[in-house]
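# Fold and contact review
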Amino acid sequence: MGSEGEMARKPRFLCLHGFRTSAAILKKQLTIKWPESVLQNLDLVFVDAPYPAEGKSEVEGIFDPPYYEWFQFNKEFTEYRNFEECLAYIEELMIKHAPIDGLLGFSQGAILSAGLPGLQSKGLALTKVPKIKFLIIVGGAKFKAKSVADDAYASPIQCPSLHFLGELDFLKPHGKELLLHCGDAVVVHHPRGHTIPRLDEKGLATVNGFVERIQNLVKQEGKNTPGPNNDFYVGAV
């Protein structure tokens with residue numbers, strides 16, 4: 001008979017990669033840069049965005065294709081194309097890989113992740129799946145399309161969230177603005193740019209504290225829903 005610790009499942013995150021990258025790229029970045037002591041305590045589900053890249057990827061020559069994007073936008077980032085289809089696709093992924101506790105996002109994936117709890121709370125997205133409980137936001141920002149932002153940030157984001165802000169990240173000011181809408185946030189500052197950062201001693205302590213907290217919250221729910229045997233994998237619809 002197993003102990004309570006053995007029975008408890010890990011917090012499961014749907015991982016949304018950056019613009020014109022892929023699930024495999026995000027998985028590789030996290031595997032290289034974050035220690036196993038962190039990764040082994042999370043159940044990470046890496047998925048590709050629904051649309052093939054419509055232009056050049058910033059990671060060409062660094063990471064192999066194919067590359068994908070979640071939705072398209074104009075030069076000012078104020079008008080979106082295929083946005084509703086993207087939200088429906090993410091909902092399908094959450095159903096397929098249930099139970100999903102939270103979202104982990106980088107760049108475009110982070111903007112989506114941070115905006116979805118507000119859209120969900122207003123009944124405008126993810127209506128067929130349970131409430132998003134946790135967020136991990138790396139290189140994030142707010143939606144700039146007013147039609148989306150007015151709903152996404154109408155109320156404070158109350159779920160526990162972990163944010164990474166890079167000193168040289170061009171999105172840092174926007175990431176700080178996003179924090180103003182988060183009612184239960186912790187922040188890891190790092191010296192790099194727009195990237196998945198390595199964790200220094202202070203950052204690792206912050207991440208471990210956040211992970212321990214959400215582990216306890218999942219345990220308190222008493223959910224022992226079985227999931228895939230492989231806790232760290234790439235999947236796509």
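I will try to describe carefully the structure that is included in this document.

Rules and cut-offs
Residue numbering note: each chain is counted from 1, following its sequence as written. Whole-chain, interface and lining totals are the exception, using all residues; otherwise, since this is a predicted model, local features are given only for residues with pLDDT of at least 70 and side-chain atom pairs are given and counted only at 80 or more. To obtain the side-chain values, all non-hydrogen atoms of the structure were included, while hydrogens and water were left out. The secondary structure listing takes helices from DSSP runs of H or I that are at least 4 residues long and strands from runs of E that are at least 2 residues long, numbered from the N terminus. For the radius of gyration, the atoms used are the C-alpha atoms, and the globule rule reads 2.2 Å times the number of residues raised to 0.38. Between two residues, a contact is recorded if the distance between any of their heavy atoms is within 4.5 Å. The method behind every accessible area is Shrake-Rupley, applied with a 1.4 Å probe, and residues are considered shielded solely by the protein chains displayed. We count Lys and Arg on the positive side and Asp and Glu on the negative side, and we leave His and both chain ends out. A single reference atom marks each charge: NZ on Lys, CZ on Arg, CG on Asp, CD on Glu. Buriedness of a pocket was judged along seven lines, with at least five required to meet protein on both sides within 12 Å; pockets are open sets of points on a 1 Å grid over the protein atoms alone, cavities are sets where a 1.4 Å probe fits but cannot get out, and lining residues have an atom within 4 Å of a point. Grid points are joined across faces, edges and corners, and a volume is the space filled by probe spheres set on the points. Just so you know the grouping, Ala, Val, Leu, Ile, Met, Phe, Trp, Tyr, Cys and Pro go in nonpolar, Asp, Glu, Lys and Arg go in charged, and all remaining residues, Gly too, go in polar.

## Looking at the overall build of the protein
For the protein, the helix and strand inventory stands at 8 helices and 11 strands. What you see for the protein is a C-alpha radius of gyration of 17 Å, in line with the 18 Å of a compact globule of 237 residues. Its C-alpha atoms give the protein principal-axis dimensions of roughly 60 × 40 × 35 Å. The long-range share in the protein, meaning contacts at least 24 apart out of those at least 6 apart in sequence, stands at 77%. Per element, the accessible surface of the protein, about 11,400 Å² overall, is 53% carbon and sulfur. In the protein, which carries 26 positive and 28 negative side-chain charges, the distance between the mean positions of the two groups comes to 2 Å.

## A closer look at unusual backbone geometry
Omega for the peptide link from Pro65 to Pro66 comes to 5°, which places this bond in the cis form. Structurally, Pro66 can be placed in the loop between strand E3 (51-52) and strand E4 (68-69). Residue Pro99 is reached from Ala98 by a cis peptide bond, and omega for that bond is 0°.

## Some points on empty space enclosed by the protein
Taken as a whole, this structure holds 1 cavity of 30 Å³ or more when the rule is applied. Its volume calculated, the largest cavity comes out at about 30 Å³. Taken together, Ile137, Gly140, His163, Phe164, Leu165, Gly175, Leu178 and Leu179 make up the lining of the largest cavity. Among the secondary structure elements, those contributing two or more residues to the lining of the largest cavity are strand E9 (161-166) and helix H7 (172-179). A class-by-class count of the residues in the lining of the largest cavity yields 5 nonpolar, 3 polar and no charged.

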